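Descriptive structure summary
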There are 2 protein chains.
Amino acid sequence: MGRWEPDARGRLRLSAMELYAEHGFEQTTAAEIAERAGVTERTFFRHFADKREVLFAGSGDLQDAVVGAIDAEPDDAKPIDAVLAALEIGASLLPSREYSRQRAAVVAANSSLQERELLKFSTLADAVAEALRRRGVPTLTANLAAETGVTVFKIGFATWIADDSTGDFAQCIREAFGRLRALTAGA
Amino acid sequence: MGRWEPDARGRLRLSAMELYAEHGFEQTTAAEIAERAGVTERTFFRHFADKREVLFAGSGDLQDAVVGAIDAEPDDAKPIDAVLAALEIGASLLPSREYSRQRAAVVAANSSLQERELLKFSTLADAVAEALRRRGVPTLTANLAAETGVTVFKIGFATWIADDSTGDFAQCIREAFGRLRALTAGA
DNA sequence: GTCTATAGGGCGATAGAC
DNA sequence: GTCTATCGCCCTATAGAC
């Protein structure tokens, strides 16, 4: 056995989620999270840039998967179709619906967590737009397709975790896009 | 003349924008902003909830104007058209292109300012969606139309302040929506 | 207006893995 | 020897409490 218990990072993530859910984000101090995880406060900040980031540790993997999926799309795929197919693949990486609901409730209860979540989605959209540009899509079209895809993803996610939802995430995404298409169609 | 110089709030906004542009957001302390404006640090936090908020003081007016414009649209206007018309009216309230460029550069240089800006746009989208629901638009459609409208607004704004831009803001918004419509049209 | 808890960064020391 | 994770102590600014 080493000098320390392994996976300090995983313990910190778990402890943070528990405490944020139990007492709220603002009422939880970094020292409390660290204590529950069996490390010092300073170690917490070495793993996570700030108190919020501990809830977003998986977002990089999601982004990599989505960008990789766009790169793997056939050359003749239309931009919006490539984006939506890639986001459906990314959607399959999310944790269970029950966990997603719990996490969403924690985020919804605190505006600084909402800010961080919005930044993550914005960063995802930027990465998607860049992947589209690599495929030769013009910048303006790439930005619009990326932002629109992320909007559909977000609204599909909200539908998926809603109390009365029955379908899976991919279905929710497709339904949202169908409605968006109807909404923007010319007169 | 009163006991204090008038418009402490306006002086704080100006001082903050100058210092953020000169030295960067993180390198500027609330005490420095207050000093330049001729008030105490405590007064700064009485006017603005945090260091970021001083750059977003006009966002409430924009939101009120947009929501009011939606309420004033004819009953038979299609949701997306009502949203875009309202956002064009909101766009007319923005400061000059030169000032907008400078402010955008300050925000782009700091991720916590980007987070706050994204939250303001998200709040705007929520208010737009609520205004649509008051008109009888179903929730899912209202959310999609609101998010899509704000996306078009954001991308139109980016186009408007770009170095090579020539058109006015309203034109940029209409161009962005035209491209979005083409992008999402069925095969 | 004063006081204070907390966030979060800097830096060197330490103990293991390789 | 190098590399990496952790500790511990110091510091300042934020932002809320009183």
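Whatever comes next refers back to the structure up there.
This section reports on the structure supplied with the text. (Residues numbered from 1 in each chain as written. Chains lettered and ligands numbered in written order. Predicted model: local features only at pLDDT ≥ 70, side-chain atom pairs only at ≥ 80, totals over all residues. Heavy atoms only, no water.)

Residue and element names in this part refer to chain B. Across the interface, helix α8 (residues 139–161) lies against helix α9 (residues 169–184) with an axial gap of 8 Å and an inter-helix angle of 125 degrees. By the angle between their directions, the pair α8 and α9 is classed as oblique. Seen along the crossing, α8 lies across α9 with a hand that is right-handed. Contacts from Thr148, Val152, Phe153, Ile155, Gly156, Phe157, Thr159 and Trp160 in α8 reach Phe169, Cys172, Ile173, Ala176, Phe177 and Leu180 in α9. For the contact of α8 with α9, the per-class residue count stands at 11 nonpolar, 3 polar and no charged. (Axes fitted to C-alpha atoms, helices over the stretch in contact; angles between N-to-C directions. Helix = DSSP H or I, 4+ residues; strand = E, 2+ residues; numbered from the N terminus. Parallel < 35°, antiparallel > 145°, perpendicular 65-115°, else oblique. Left-handed = near helix turned anticlockwise from the far one by under 90°. Contact = heavy atoms within 4.5 Å. Nonpolar A, V, L, I, M, F, W, Y, C, P; charged D, E, K, R; others polar.)

This paragraph deals with the protein's contact with DNA strand D. Lining the immediate surroundings of DNA strand D are 16 residues, of which Thr40, Thr43, Arg46 and His47 of chain A together with Ala30 of chain B lie closest. Each atom of DNA strand D within 4 Å of the protein belongs either to a base or to sugar and phosphate, the latter forming 67%. At 3.0 Å, a backbone N or O of Ala30 of chain B approaches a phosphate oxygen of DNA strand D. Looking at the surface near DNA strand D, the elements that each hand over two or more residues are α3 (41–47) of chain A together with α3 (41–47) of chain B. Per element, the largest residue contribution to the surface near DNA strand D is 4 residues, and it comes from α3 of chain A. Class assignment for the residues of the surface near DNA strand D results in 5 nonpolar, 5 polar and 6 charged. (Near = heavy atom within 4 Å. Polar contact = N/O pair within 3.5 Å; in protein donor to acceptor, adjacent residues only side chain to side chain.)

Let us look at the protein's contact with DNA strand C. Around DNA strand C sit Arg3, Thr28, Thr29, Ala30, Arg42, Phe45, Arg46, Ala49, Asp50 and Lys51 of chain A together with Arg42 of chain B, and those are all the residues in its vicinity. Backbone sugar and phosphate groups make up 52% of those atoms of DNA strand C lying within 4 Å of the protein. Contacts to DNA strand C include Lys51 of chain A, whose backbone N or O atom sits 3.2 Å from a phosphate oxygen. At 3.5 Å from a base oxygen of DNA strand C is found a side-chain nitrogen or oxygen belonging to Arg42 of chain B. With 3 residues, α3 of chain A is the single largest residue contributor to the surface near DNA strand C. Considering only residue class, the surface near DNA strand C consists of 3 nonpolar, 2 polar and 6 charged.

Listed as interface residues are 33 residues of chain B and, on the opposing side, 33 residues of chain A. In this assembly, chain B packs against chain A so that about 2800 Å² is buried in total across both faces, 68% of it on carbon and sulfur atoms. Area buried by chain B at its contact with chain A is led by Glu115, Leu144 and Leu183 of chain B, which between them contribute 24% of it. At the junction of chain B and chain A, the tally comes to 4 salt bridges. With its nearest N and O atoms 2.6 Å apart, the salt bridge here joins Arg116 of chain B to Glu115 of chain A. In this structure, the connection of chain B to chain A is made through 7 residue pairs in polar contact (both at pLDDT 80 or more). Mapped onto the side of chain B that touches chain A, the elements with two or more residues apiece are α5 (79–91), α7 (111–134), α8 and α9 of chain B. Looking at the side of chain B that touches chain A element by element, the count peaks at 11 residues for α8 of chain B. Partitioned by chemical class, the residues of the side of chain B that touches chain A number 14 nonpolar, 10 polar and 9 charged. (Buried area = accessible area lost by both parts, 1.4 Å probe. Salt bridge = Lys/Arg side-chain N within 4 Å of Asp/Glu carboxyl O.)

Residues and elements named next belong to chain A. Compared with an ideal rise of 1.5 Å per residue, which puts 16 residues at 22 Å, helix α1 (residues 8–23) spans 22 Å between its outermost C-alpha atoms and is within 8% of the ideal. Within α1, the full set of buried residues consists of Ala8, Leu12, Ser15, Ala16, Met17, Leu19 and Tyr20. Where the residues of α1 are buried, they touch α2 (30–37), α3 and α6 (97–108). At the C-terminal side of α1, Gly24 shows a positive phi close to 95 degrees. (Expected span 1.5 Å × (residues − 1). Buried < 20%, exposed > 50% of the residue type's maximum accessible area, 1.4 Å probe, protein only.)

A few words now on the packing of aromatic side chains. Any pair of aromatic rings gets described here by the distance separating the centres and the angle formed by the planes. All names here are of chain A. In total, this model carries 16 aromatic pairs over all chains according to the counting rule given. Centre to centre, the rings of Phe153 and Phe169 are 5.2 Å apart; their planes meet at 40 degrees, and the pair counts as tilted. Taken together, the positions of Phe153 in helix α8 (residues 139–161) and Phe169 in helix α9 (residues 169–184) put the pair 16 residues apart, joining distant regions of the chain. Here Phe153 matches Phe169 in class, with each residue buried. Each residue in the set Phe121, Phe153, Phe157, Trp160 and Phe169 is aromatic and connected to the rest through ring pairs, giving one cluster. (Phe/Tyr/Trp six-rings, centres within 6.5 Å; stacked < 30°, edge-to-face > 60°.)

Moving on: the relation of the copies chain B and chain A. In the superposition of chain B on chain A (RMSD 0.2 Å, axial shift 0.1 Å), the rotation amounts to 179 degrees. Overall, the copies show the geometry of a two-fold rotation axis. Nearest to the rotation axis, the C-alpha of Glu115 of chain B is located 2.5 Å from it, this being the minimum over chain B. Of all interface residues in chain B, 100% are interface residues in chain A too; the two copies therefore contact each other through one and the same surface. (Least-squares fit on C-alpha atoms with pLDDT ≥ 70 in both.)

Turning next to the pattern of salt bridges. Under the definition given, this model contains 28 salt bridges over all chains. Two residues, Glu22 of chain A and Arg36 of chain A, come together in a salt bridge whose shortest N-O distance is 3.6 Å. Taken together, the residues Glu22 of chain A in helix α1 and Arg36 of chain A in helix α2 connect sequence positions 14 residues apart. Given a relative accessible area of 47%, Glu22 of chain A falls into the partly exposed group. With a shortest N-O distance of 3.2 Å, Arg134 of chain B and Asp71 of chain B are connected by a salt bridge.

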